[in-house]
Amino acid sequence: PMPDGSLISTHEDITEREKLYAELAAQKEELRAQNERFDAALRNMSQGLCMFDAEQRVLMANERYAEIYGLTLDQVTPGTTLRQIIEHRIAKGIFAGANPEAYIQERLARFHEASVAVHRLSDGRSICIRRQPMAEGGCKLDNIDYVVFYDKPFLKFERLLETYVAFAPRGYKSFAMAIPLWM
């Protein structure tokens with residue numbers, strides 16, 4: 001109220017604002033669900049995945065990537081450089097070629113080149129590495145800097161069995177089709 005007893009009152013149509021808030025809340029929920037699905041895919045894929053920015057720093061890496069090279073998740077956290085990762089691998093005795101320093105130089109020099117290569121590691125394993133550098137060094141879903149493939153045979157078999165058990169007896173047909181391919 002005003003000193004003379006009068007009153008000023010404002011009225012505003014907030015229908016559009018409320019619609020925008022509702023749309024924003026729906027988008028936020030969809031983004032949360034999409035991130036949850038993406039995280040589940042990263043956790044459950046059999047391949048190691050590590051994405052780097054243009055400065056050769058980790059943007060993200062899944063647990064499988066660290067496991068393939070005998071690293072901890074702390075050693076592949078965002079911001080870790082490719083050089084640091086390679087040095088951690090060498091410290092564990094895991095590298096390709098006879099000379100660790102030459103391996104570091106080769107990996108760093110070829111960072112921006114697209115390639116598919118099989119690396120024969122010092123521990124006897126063969127790792128297929130697919131690299132697709134991105135023009136701007138940014139992160140797009142259809143372009144990934146590094147994808148590392150390596151399947152442990154018994155882990156793969158265990159996953160086949162777990163899938164069959166989870167969907168038994170309906171999963172028998174897919175299980176019967178997968179076993180010959182696995183062997």
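These remarks concern the structure in this document. All values derive from a computational prediction rather than experimental measurement. (Residues numbered from 1 in each chain as written. Predicted model: local features only at pLDDT ≥ 70, side-chain atom pairs only at ≥ 80, totals over all residues. Heavy atoms only, no water.)

### Considerations on unusual backbone geometry
Piece 1. With a phi close to 65°, Q56 is a non-glycine residue in the positive phi region.
Piece 2. Here Q56 lies in the loop between β1 (48–52) and β2 (58–61). (Helix = DSSP H or I, 4+ residues; strand = E, 2+ residues; numbered from the N terminus.)

### Concerning the pattern of salt bridges
Piece 1. On inspection of all chains with the given rule, the structure shows 14 salt bridges.
Piece 2. R32 is the partner of E29 in a salt bridge, and the nearest nitrogen-oxygen pair spans 2.6 Å. Pair noted here: E29 and R32 are both in helix α1 (residues 15–44), with a separation of three residues, about one helical turn.
Piece 3. Owing to a relative accessible area of 40%, R32 belongs among the partly exposed residues under this scheme.
Piece 4. Linking R83 and E87 is a salt bridge whose minimum nitrogen-to-oxygen distance equals 3.1 Å. Taken together, the residues R83 and E87, both in helix α3 (residues 82–91) and four residues apart, mark about one turn of the helix.
Piece 5. For E87, a relative accessible area of 36% puts it in the partly exposed group. (Salt bridge = Lys/Arg side-chain N within 4 Å of Asp/Glu carboxyl O. Buried < 20%, exposed > 50% of the residue type's maximum accessible area, 1.4 Å probe, protein only.)

### With respect to the environment of M2
Piece 1. Looking at the secondary structure, you find M2 in the segment before α1.
Piece 2. According to the relative accessible area criterion, M2 is partly exposed, its value standing at 38%.

### Some points on the pairing of strand β4 (residues 126–131)
Piece 1. In this sheet, β4 lies alongside strand β3 (residues 115–120) in antiparallel orientation, the contact comprising six bridges. In the sheet register, A117 faces β4, and the bridge partner there is I129.
Piece 2. In textbook terms, the turn of a hairpin is the stretch between consecutive antiparallel strands, and for β3 and β4 this stretch comprises five residues, one of which, G124, has a positive phi near 95°. (Pairing = 2+ DSSP bridges.)

From the geometry alone we can't say anything about function, so treat these as descriptive.
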